[in-house]
Amino acid sequence: MEPVRRTMELVAPAGNLAALKSALQAGANAVYLGLKNATNARNFAGLNFTEADIEAGVTLAHRMGRKVMFAINTYPQPGQTALWQQAIDHAHALKADAVILADPGLLGYARERYPDLRLHLSVQGSATHLDSIELMFEQFGIQRVVLPRVLTLAEVERLTRQTRVEIEVFGFGSLCVMAEGRCILSSFATGDSPNNQGVCSPAHAVRWVEQAGQLDARLNGVLIDRYAPGEPAGYPTLCKGRFLVEDELDHALEEPTSLNAISLLPRLLAMGVSALKIEGRQRSPAYVAQVVSTLRAALDAAERDPARFSVRPDWQAALARHAEGAQTTQGAFDRPWK
Amino acid sequence: MNTSLISVAPVSYYWQREDLLRFYADIAESAAQVVYLGEVVCGRRHQMRLDDWLALAHTLRDAGKTVVLSTQTLIDSESDRRAMHKLVEKALAAQFQVEANDLGAVRVLQGQSFIAGPHLNAYHGGTLSWLVALGASRFVVPLEMSGSELQRLLAEIPAGLQCELQVWGRLALAFSARCFTARHFRLQKDHCEFRCIEHPDGLPLQTREQGEFLTLNGIQTQSAHCLDLLAQARDVYALGVHVLRVNPMSQGTLAAIAALSTERHPDVPLPVGVGRCNGYWFDRPGMDWVETA
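Residues numbered from 1 in each chain as written. Chains lettered and ligands numbered in written order. Predicted model: local features only at pLDDT ≥ 70, side-chain atom pairs only at ≥ 80, totals over all residues. Heavy atoms only, no water.

(A) Representation of the overall build of chain A. A count of helices and strands for chain A gives 11 helices and 16 strands. The C-alpha atoms of chain A give a radius of gyration of 20 Å, which matches the 20 Å a tight globule of 338 residues would have. Taken along its principal axes, the extent of the C-alpha atoms in chain A is 60 × 55 × 40 Å. Relative to its 338 residues, chain A shows a buried fraction of 61%. For chain A, the share of sequence-separated contacts (at least 6 apart) that also reach a separation of at least 24 residues comes to 63%. (Helix = DSSP H or I, 4+ residues; strand = E, 2+ residues; numbered from the N terminus. Rg over C-alpha atoms; globule rule 2.2 N^0.38 Å. Buried < 20%, exposed > 50% of the residue type's maximum accessible area, 1.4 Å probe, protein only. Contact = heavy atoms within 4.5 Å.)

(B) Representation of the UniProt feature "binding site: [4Fe-4S] cluster" (unreviewed entry) in chain A within the structure. Residues and elements named next belong to chain A. UniProt records the feature "binding site: [4Fe-4S] cluster" (unreviewed entry) at C176, C183, C200 and C239, using the numbering of this structure. Taken along the chain, the residues just named run across 64 residues; in space they keep tight, none of their C-alpha pairs more than 10.3 Å apart. Assignment of secondary structure puts C176 in the loop between β7 (166–174) and β8 (178–183). Judged by relative accessible area, C176 falls into the partly exposed class, the value being 26%. (UniProt positions renumbered as here; feature names shortened; annotations may be inferred.)

(C) Expanded view of the layout of surface pockets. All names here are of chain B. The volume enclosed by the second largest pocket comes to roughly 390 Å³. Along the walls of the second largest pocket sit 19 residues, with G43, H46, L50, Q72 and A83 positioned nearest its centre. For the lining of the second largest pocket, the secondary-structure elements that each account for two or more residues are α2 (50–62) and α3 (78–93). Looking at the lining of the second largest pocket, the element that brings in the most residues is α3, giving 6 residues. Here the lining of the second largest pocket is built from residues that sort into 7 nonpolar, 7 polar and 5 charged. (1 Å grid on protein atoms, 1.4 Å probe; cavity = no way out; pocket = protein on both sides within 12 Å on 5 of 7 lines; lining within 4 Å. Points joined across faces, edges and corners; volume = space filled by probe spheres on them. Nonpolar A, V, L, I, M, F, W, Y, C, P; charged D, E, K, R; others polar.)

(D) Representation of the pattern of salt bridges. Going through the model one piece at a time under the given rule, you end up with 40 salt bridges over all chains. With a shortest N-O distance of 2.6 Å, A:E166 and A:R118 are connected by a salt bridge. Here A:R118 lies in the loop between α4 (104–113) and β5 (119–121) and A:E166 lies in strand β7, a separation of 48 residues in the sequence. The salt bridge involving B:R183 is made with A:E255; its shortest N-O contact spans 3.2 Å. Here B:R183, found in helix α7 (residues 180–184), pairs with A:E255, found in the loop between β13 (248–250) and β14 (258–260), and the two come from separate chains. A residue is classified by how much of its surface remains accessible, and B:R183, at 13% relative accessible area, is buried. Its relative accessible area of 27% is what places A:E255 among the partly exposed residues. (Salt bridge = Lys/Arg side-chain N within 4 Å of Asp/Glu carboxyl O.)

(E) Geometry of the domain arrangement of chain A. In terms of domains, chain A is made up of domain 1 (9–175 + 257–333) and domain 2 (200–250). Each of domain 1 of chain A and domain 2 of chain A was reduced to a C-alpha centroid, and the two centroids are 30 Å apart. (Domains from an automatic or database assignment.)

(F) Main features of empty space enclosed by the protein. All names here are of chain B. Applying the stated criterion across every chain yields a total of 10 cavities of 30 Å³ or more. Here the largest cavity is characterised by a volume of approximately 160 Å³. As for the largest cavity, its lining consists of 17 residues, of which P118, H119, A172, R245 and N247 are closest to the centre. Of all elements in the fold, only β7 (162–176) and β10 (220–228) reach the threshold of two or more residues within the lining of the largest cavity. When residues in the lining of the largest cavity are grouped by element, the largest group, 3 residues, is from β7.

(G) A look at the confidence of the model for chain A. Averaged over every residue, the pLDDT of chain A is 91; residues scoring 70 or more account for 93%. Low pLDDT, under 50, characterises residues 1–5 of chain A; the stretch is placed with 9 contacts to residues that sit more than four places away or in other chains. (pLDDT = per-residue confidence, 0-100.)

(H) Examining the pairing of strand β9 (residues 206–211) of chain A more closely. Residues and elements named next belong to chain A. Looking at chain direction, β9 and strand β10 (residues 214–219) are connected through 6 bridges and run antiparallel. From the neighbouring strand, W208 faces β10, where its bridge partner is A217. Connecting the antiparallel pair β9 and β10 is a turn made up of 2 residues, with A212 showing a positive phi of about 50°. (Pairing = 2+ DSSP bridges.)

(I) Region of interest: the nonpolar core. Residues A:F70 and B:Y24 are the most contacted members of the largest nonpolar core, which totals 207 residues. When residues of this core are assigned to domains, at least three fall in each of domain 1 (9–175 + 257–333) and domain 2 (200–250) of chain A. Those residues in contact with B:Y24 that lie beyond four places of it in its chain are B:A9, B:V11, B:V35, B:Y36, B:L37, B:W53, B:L56 and B:L60. With 8 residues, the next largest nonpolar core counts A:A30, A:M69, A:A71 and A:I100 among its residues. (Core = buried A, V, L, I, M, F, W, Y, C linked by side-chain atoms within 4.5 Å.)

(J) Focus on helix α2 (residues 51–63) of chain A. Residue and element names in this part refer to chain A. Compared with the 18 Å implied by 1.5 Å per residue over 13 residues, the 18 Å span of α2 between its first and last C-alpha is a close match. Buried within α2 we find I54, G57, V58, L60 and A61. Seen along its axis, α2 keeps its buried residues to an arc of 165°; they face one direction. In α2, the exposed positions angled more than 90 degrees off the buried face are occupied by A52 and R63. G65 occupies a position one or two residues after α2 and carries a positive phi of about 75°. (Expected span 1.5 Å × (residues − 1). Arc of directions from axis to C-beta.)

(K) Representation of the interface of chain B and chain A within the structure. Contacts between the two partners involve 70 residues from chain B and, on the opposite side, 69 residues from chain A. Of the roughly 6,000 Å² buried where chain B meets chain A, counting both sides, 56% is carbon and sulfur surface. Looking at the side of chain B facing chain A, the largest losses of area belong to B:R107, B:R178 and B:R208, adding up to 13% of the total buried there. For A:R158, the salt bridge is made with B:E78, and the minimal N-O distance between the two is 3.8 Å. For the interface between chain B and chain A, the tally reads 43 residue pairs in polar contact (both at pLDDT 80 or more). (Buried area = accessible area lost by both parts, 1.4 Å probe. Polar contact = N/O pair within 3.5 Å; in protein donor to acceptor, adjacent residues only side chain to side chain.)

(L) Examining the sheet that holds β9(A) more closely. All names here are of chain A. On the basis of which strands lie adjacent, the open sheet formed by 3 strands has the order β9-β10-β11 and antiparallel pairing. Looking at strand neighbours, the two that pair on one side only are β9 and β11 (222–227), the edges of this open sheet. Averaged over all pairs of adjacent strands, the angle between their axes in this sheet comes to 25°, without regard to strand direction. (Axes fitted to C-alpha atoms, helices over the stretch in contact; angles between N-to-C directions.)

(M) Representation of the packing of helix α3 (residues 81–93) of chain A against α4(A) in the model. All names here are of chain A. The N-to-C vectors of α3 and α4 enclose an angle of 40°; their axes lie 10 Å apart at closest approach. Relative to α4, α3 is oriented oblique. In this structure, α3 meets α4 at a crossing whose hand is right-handed. Contacts from W84, Q85, I88 and D89 in α3 reach L106, Y109 and A110 in α4. Here the contact of α3 with α4 is built from residues that sort into 5 nonpolar, 1 polar and 1 charged. (Parallel < 35°, antiparallel > 145°, perpendicular 65-115°, else oblique. Left-handed = near helix turned anticlockwise from the far one by under 90°.)

(N) Molecular detail of the packing of helix α10 (residues 285–304) of chain A against helix α11 (residues 313–320) of chain A. Residue and element names in this part refer to chain A. Running from N to C, α10 and α11 point in directions that differ by 150°, and their axes come no closer than 9 Å. In terms of axis orientation, α10 runs roughly antiparallel to α11. The chirality of how α10 crosses α11 is left-handed. Counting all contacts with α10, which are made through V291, T294, L295, A297, A298 and A301, the residues of α11 involved are W315, A318 and L319. Tallied by class, residues from the contact of α10 with α11 come to 8 nonpolar, 1 polar and no charged.

Below, the structure written as structure tokens:
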């Protein structure tokens, strides 16, 4: 068995160069980013990186002794793999410290073409247990897996003991309630999904309609939510809408909440989790700066003295400001609904 | 003449044991040639244990069907993982093929001839070649793929790999750690009282405008609409699809199989309140219905 780790890498989202700089200044050990196309799971207008931005970002990160990871984590559709392969070529040429991939065909391409390139299995790869992780290790030599947000702490701990592949978990950000890579709710309603377009509940399909004081949020015509006058309205992500089941109106799938695992940091450290990921490439540089610096402070405290670690109220307050619906949950880690 | 095989996907709902056995007795008499068996949604469902599934598999094989045992789609606990190993071991020992519904099952099946299930995200030839190298003999097309994309995919398909496409039945759209049926009844997942057994076609989820939209089935979210590509069956076969898959519901399944086998396409009756969709096939959102001549 490997010795228990004493540190965890803090991995921050970078939707653009300004966010990348904020993340590094706030103490992220690594940032992850995507190119401006459907090769990554946050393919939004105005987001992501040109090659010049990436060069500047990589240079800055490497000068600071930090890492840059490239998310190329969507699934190329038939006849279109060249674009994804080019993204891997670019990542290698631009000195990526790792590429985050989900598609086995692409993992094979990357491993064969660039044996020195570090490969991470994306959360979109949906590896939820030992056999799936080991398969990707045996086949492609992945060095890290980003775990889907469906596992309890006990299962995460079991995996860290069972596999030699590094484990990365989500620590903060918008909560995806479905197993990523295996959810096509968005494409069912809009035609575009995370898998085929790198988008979920895409903005081009969203319509806000105000009528008699009520605000309707529609996704390609489907009424996702209706807000009473004065009621705060969130982005109409399909799975977080309010629907009727047996005439009962509720968030039938999930409330608009964010994942916040800050109180679990000593346990994640003790079980040997290698990296903590922050979600939110679509969020502002200010979000990145505040969330990263808060988690940096908490992680440093947990690493210094895990036994005496307690979550400071100002940390919670800072994170709460960036939580969806101002609510947070520990998600599948502690499964309050279990 | 359409000469594709007709397959029956695993029953995704939690049916009473006697209802399930009655259903498969009917399937044994039907024109379907390939039958997938097993619990693919929730490891807590125990009306049928592994040995019961295997006994049923033998019965259906004796009735002339090609039987495939299917693994659970989302495995998120060690007990689910062990159950998957056990299923593979026993199925192979009895010389049944297995449908791998996640990458972990692919690992356990490598070197054997297996079916790559619909949730493995095999969208292009590179990934299909990888699956073939591990032993895949057939793959089920990802549900969101359109006819034109499938045509492009089949141009990249490795030699000898068969292709299977769902042409009828609800679409399995998502899988979660949470059980939405338990959530609806304000029950904890581990103390769910097996309430999904009271809903043999899942729980309808409607928009506030009463529009049918989704179906809750435990940790699985399905379309409310029933995919209906019966009218396109001949085109599908002409593209090079070997197996046409029917995803069972409590009503209409046998009629859909009969329609596929005869190539006459009467309106297959659906449960009250269930509409049809075929949008994916036509490069549109999956929920759309495109009327065809």
